[in-house]
Amino acid sequence: MRCIVCESLSIRVICSACQEIFLVPKIQIRLIKNIKVYTFYSFDSLQFLLNSKYYSIGSRIYAIMAKRAMLYFKNHLPHPIKETTYALGIDSPVYNAYSHTAIILYTFRKIFTPIYGELEAQNQVKYAGKSLEFRLNNPRGLIYKSGNINCVVMDDVITTGTSMLEAREVITKGGGNFLYGIALCDAAT
Ligand SMILES: [Zn+2]
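Presented here is an overview of the structure given in this document. Because the structure is a prediction, the values reported are computed rather than measured. (Residues numbered from 1 in each chain as written. Predicted model: local features only at pLDDT ≥ 70, side-chain atom pairs only at ≥ 80, totals over all residues. Heavy atoms only, no water.)

1. Some points on the coordination of the zinc ion
Binding of the zinc ion to the protein goes through Cys 3 (SG), Cys 6 (SG), Cys 15 (SG) and Cys 18 (SG), at separations of 2.3 Å. Coordination of the zinc ion draws on donor residues from a single chain, spaced C-x2-C-x8-C-x2-C in sequence. In this pair, Cys 6 sits in the segment before α1 (16-22) while Cys 18 sits in helix α1, placing the two residues 12 residues apart along the sequence. (Donors = N, O, S within 2.8 Å, 3.2 Å for Na, K, Ca; no water. Helix = DSSP H or I, 4+ residues; strand = E, 2+ residues; numbered from the N terminus.)

2. Let's talk about the layout of surface pockets
One simple way to see leftover space: roll a probe sized like a water molecule over the atoms. In this structure, the second largest pocket spans a volume of roughly 220 Å³. Surrounding the second largest pocket, Met 1, Ile 11, Arg 12, Val 13, Gln 19, Arg 60, Ala 63, Ile 64, Lys 67, Arg 68 and Leu 71 form its lining. Top element by residues in the lining of the second largest pocket is helix α3 (residues 58-76). It accounts for six residues. In the lining of the second largest pocket, the residues fall into six nonpolar, one polar and four charged. (1 Å grid on protein atoms, 1.4 Å probe; cavity = no way out; pocket = protein on both sides within 12 Å on 5 of 7 lines; lining within 4 Å. Points joined across faces, edges and corners; volume = space filled by probe spheres on them. Nonpolar A, V, L, I, M, F, W, Y, C, P; charged D, E, K, R; others polar.)

See below:
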């Protein structure tokens, strides 16, 4: 196949040379109220990769982004060694038959034990392009069932942070210990 960026022959959807130019993780910490969310990429600078033209291969782009982010996280940040920490993904509407957050959970599985299907949303409301007011008025209705565990919450893009706040709220109410959030992209940078 050909790299979608430079069109040279490549076994991956984005060749390694282009990955080194466009997909270099840079950890940023976004504070949402007092929640810490680690992010790796600026959404604006990657929009050309994630736009509609390439949408059908979005899962492969996300998989590459997640892998590079995971390796960076593993090498640069303190992470749990003894105590098990679980990773939960925020459930959001599936647009193209794959779940971004499931890809991220799977990619980080050597650092955090994934629990797929946790934080299921009762309302399949689409937030993309919607205002903060709309998001606040239309919570996802996340459901948390795992009880007293240490967990991090993962998402593909963090925009206003309302989903992350909702996740922490239901986890805390359900007896869980929310440690921090992880999102691949920060839409605010
Ligand atoms: Zn390339």
